[in-house]
Amino acid sequence: MRYDKLTVKAQEALQTADSLANSNHHAHIDVVHLLAALLEQQDGVIVPLLERVGADAGELSGAVSRVLAGLPKVHGEAAMVAMS
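Throughout this document, residue positions are counted from 1 along each chain, in the order its sequence is written. In keeping with the model being predicted, local features are shown solely for residues with a pLDDT of at least 70 and side-chain atom pairs are shown and tallied solely at 80 or more, while totals for entire chains, interfaces and linings include all residues. With hydrogens and water stripped out, all remaining heavy atoms of the structure feed into the side-chain values.

**Describing the overall build of the protein**
No. 1: Here a strand is any run of E in DSSP of at least two residues, a helix any run of H or I of at least four, and the numbering for each starts at the N terminus. If you tally the helices and strands in the protein, you get four helices and two strands.
No. 2: With respect to the three principal axes, the spread of C-alpha positions in the protein is 45 × 30 × 20 Å.
No. 3: Exposed residues in this analysis have more than 50% of their type's maximum accessible area, buried residues have under 20%, and partly exposed residues fall in between, with area computed by a 1.4 Å probe over protein chains only. The buried share of the protein, taken over its 84 residues, is 21%.
No. 4: Here, residues are in contact when the closest pair of their heavy atoms is within 4.5 Å. Within the protein, contacts between residues separated by at least 24 positions form 61% of all contacts whose residues are at least 6 apart in sequence.
No. 5: In short, Shrake-Rupley with a 1.4 Å probe defines the accessible areas, and a residue's cover is counted only from the protein chains shown. Total accessible area on the protein stands at roughly 5,900 Å², and carbon and sulfur atoms take up 58% of it.
No. 6: Charge convention: Lys and Arg are scored as positive, Asp and Glu as negative, and His as well as the terminal groups of each chain are ignored. Throughout, a charge is located at the NZ atom of Lys, the CZ atom of Arg, the CG atom of Asp or the CD atom of Glu. Looking at the protein, you have 6 positive and 10 negative side-chain charges, and the mean spots of the two groups are 6 Å apart.

**Let's talk about helix 1 (residues 8-23)**
No. 1: A helix's residues, less one, multiplied by 1.5 Å, set its expected span. A rise of 1.5 Å per residue sets the reference length of helix 1, with its 16 residues, at 22 Å; its end C-alpha atoms lie 22 Å apart and thus fit the reference within 8%.
No. 2: Taken residue by residue, helix 1 has Ala13, Leu14, Ala17, Leu20 and Ala21 as its buried positions. Mapping the buried residues of helix 1 onto a view down its axis gives an arc of 120 degrees, with all of them on the same face. Exposed and oriented more than 90 degrees from the buried face of helix 1 are Val8, Gln15 and Ser23.
No. 3: Buried residues belonging to helix 1 abut strand 1 (28-29), helix 2 (31-40) and strand 2 (82-83).
No. 4: Just downstream of helix 1, histidine 25 is the residue with a positive phi angle, here 60 degrees. When we speak of the arc, we mean the arc of directions from the helix axis to the C-beta atoms.

**Remarks on the packing of helix 1 against helix 2**
No. 1: With their axes 8 Å apart at the nearest point, helix 1 and helix 2 run at an angle of 120 degrees to one another. Between helix 1 and helix 2, the angle is such that the two are oblique. Pair helix 1 / helix 2 crosses with right-handed handedness. Contacts from Ala13, Leu14, Thr16, Ala17, Leu20 and Ala21 of helix 1 reach helix 2 at His33, Leu34, Ala36, Ala37, Leu38 and Glu40.
No. 2: Under the convention adopted here, Pro, Cys and the residues Ala, Val, Leu, Ile, Met, Phe, Trp and Tyr are nonpolar, Asp, Glu, Lys and Arg are charged, and Gly plus all remaining residues are polar. For the contact of helix 1 with helix 2, the class distribution of residues is nine nonpolar, two polar and one charged. Axis geometry follows a simple rule: fit a line to the C-alpha atoms, using only the stretch in contact for helices, then measure angles between N-to-C directions, giving values from 0 to 180 degrees. Orientation is classified from the angle alone, with under 35 degrees giving roughly parallel, over 145 giving roughly antiparallel, 65 to 115 giving roughly perpendicular, and any other angle giving oblique. Helix crossings fall into two classes, left-handed where the near helix is turned counterclockwise from the far one by less than a right angle and right-handed where it is turned clockwise.

**Considerations on unusual backbone geometry**
No. 1: Of note in the backbone geometry, histidine 25 takes a positive phi value of approximately 60 degrees without being a glycine.
No. 2: Its place among the elements puts histidine 25 in the loop between helix 1 and strand 1.

**Concerning the side chain of glutamine 41**
No. 1: For glutamine 41, the position within the fold is in the loop between helix 2 and helix 3 (46-52).
No. 2: Two N or O atoms count as a polar contact when they lie within 3.5 Å, although within protein this holds only if one can serve as hydrogen donor and the other as acceptor, and sequence-adjacent residues are included solely when both atoms are side-chain atoms. Here the side chain of glutamine 41 touches lysine 9 through a polar contact of 2.7 Å, landing on its backbone oxygen.

Keep in mind these numbers describe shape, not what the thing actually does.
What follows is the structure, given as structure tokens:
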């Protein structure tokens, strides 16, 4: 994937997703990590879009956090995060 071809916001979201996976000791950056990153973005388009269609971004964020907490964790020096 050519990250330099992505928008700045998309690059930031992928970096945040990577950080979330690392901080939670997950083996893969999954869709849920990216969704969590997009929901956290300041001045992003996702939260206003969700609000416009009547979705509760806060409730979705809570659900995403619960899913992240339930993902399997890996520990040790050999643990590397890969994108799924």
